[in-house]
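Descriptive structure summary
The lines below spell out each chain.
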Amino acid sequence: MTVAVRSFAKINLGLYIGAARADGFHDLRTVYQTIALHDVIRVSVGRGSGIEILCKNKDPRAPLDSSNTCYRMAELVLDELGAKGRVSVEIEKRLPVQGGLGAASSNAVATMVALGRALRKKLSGKARLRIAADVGSDLPLFLVGGTALGVGRGEEVYPLADLPSLPMVVVMPEVGVSTPQAFADWDALMGSGAELRSAGQPGAAVPTRIWTGGDARRSIGNDELTRPGASDRLFEVGCALSAWLSGSPNTGAPAKGGSRAGNLLLDLVRTGIENDFERVVFPQYPELRDIKGALERAGSRYASLSGSGSTLYGLFQSRADAAKAASRLRKQGLKAVATGTLTRRQYWKKSLVASR
């Protein structure tokens, strides 16, 4: 049986880096948002044993050995389910490697979903989360979809009230950015005593537990968003994110004279949330700073690096504005595509391509 699943990308709406932890990771605060750009993962199970990774369009950047996240995921799923067989995972690569769109993580979760269907066996929600977090920090996001708050090292994911679908332009430069190196550069910057500007207003903003099942449909309340021991900066950042997300998105009503999506964009700009990685990535790759500027000049209401990069995105007022901007950027020699964000319902509805 072969199962094909869309492996959707994500962007980060703000990303703040805290101190290094005892386990070598950093505490983070970010809002994840799934978007419509995707790879396609096809999984089949036959007689025999072993795991085979294939890349349909033979993208040299996609590893085909055990270092591929899909390989590791298939191993863990087979072990958890006590299943046997020869697993073939074919990746139709469209998303950039080392692009900050979570492609490898999304591919792994798509492999989990497709392999379970191919085996006609089901993992529990708890097992899914545990396996996903074992494979990588931002994998749990792709078990949620839509708009989600990420804390811890990014693996603690809290579903938020979905943002409406927002038009956007994604620019995918040829250069790849190493996330471990970006964190090392951040540590070096902090070690130099560089001054940081904290975002946010007083308030509470950091959840303390993962929501699954029915809990995922609840709104986040301030009593559930307090995390003792968080650094002052991350606490303030959480306040900024909370002020934006718990205000406009949950009202469901557009302000007079504008669309709900348009007002959310304006609120996002006013909040001033940003991506800390820009402070270390832009000096190393000045062309990425130039692309952010190009997005802003093309009419983006909010532009940012996604993750540690190298992908950048801009959010626009309308689809027409996004399409016009993407065309303008392509004429400048950039790989730009107009797309949109995905709500949680859209994410799951569009994920399954085929099963035969």
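Residues numbered from 1 in each chain as written. Predicted model: local features only at pLDDT ≥ 70, side-chain atom pairs only at ≥ 80, totals over all residues. Heavy atoms only, no water.

When you go through the chain residue by residue, the secondary structure sums to eleven helices and eleven strands. Considering only contacts in the chain between residues 6 or more positions apart, those separated by 24 or more positions represent 75%. In the form shown here, the chain has an accessible surface area of approximately 15,700 Å², with 49% of it arising from carbon and sulfur atoms. (Helix = DSSP H or I, 4+ residues; strand = E, 2+ residues; numbered from the N terminus. Contact = heavy atoms within 4.5 Å. Areas by Shrake-Rupley, 256 points an atom, 1.4 Å probe, with all protein chains shown as cover.)

Now for the environment of A294. One can find A294 in helix α9 (residues 286-297). In this structure the C-alpha to C-alpha distance between A294 and L329, which are 35 residues apart in sequence, comes to 7.5 Å. Here A294 is in contact with L329 and Q332, once residues within four sequence places are set aside.

Attention now moves to the packing of helix α2 (residues 103-119) against helix α3 (residues 125-135). Contact geometry for α2 and α3: axes closest at 11 Å, N-to-C directions at 145 degrees. The handedness of the crossing between α2 and α3 comes out as right-handed. Counted together, A108, M112 and V113 of α2 and R128, I131, A132 and V135 of α3 form the full contact between these two elements. In terms of residue class, the contact of α2 with α3 is made up of six nonpolar, no polar and one charged. (Axes fitted to C-alpha atoms, helices over the stretch in contact; angles between N-to-C directions. Left-handed = near helix turned anticlockwise from the far one by under 90°. Nonpolar A, V, L, I, M, F, W, Y, C, P; charged D, E, K, R; others polar.)

Here we take up the packing of aromatic side chains. Enumeration according to the criterion identifies four aromatic pairs in this entry. Ring geometry for F8 against Y347: centres 5.6 Å apart, planes inclined by 50 degrees, an arrangement best described as tilted. Pair noted here: F8 is in strand β1 (residues 2-20) and Y347 is in helix α11 (residues 344-349), with a separation of 339 residues, a long-range link. Its relative accessible area of 5% is what places Y347 among the buried residues. Ring centres of F183 and F277 lie 5.0 Å apart, and the angle between their planes is 75 degrees; on these two criteria the pair is classed as edge-to-face. Residue F183 is located in helix α4 (residues 179-191), and its partner F277 is located in the loop between α7 (260-271) and α8 (278-284); the two are separated by 94 residues in the primary sequence. (Phe/Tyr/Trp six-rings, centres within 6.5 Å; stacked < 30°, edge-to-face > 60°. Buried < 20%, exposed > 50% of the residue type's maximum accessible area, 1.4 Å probe, protein only.)

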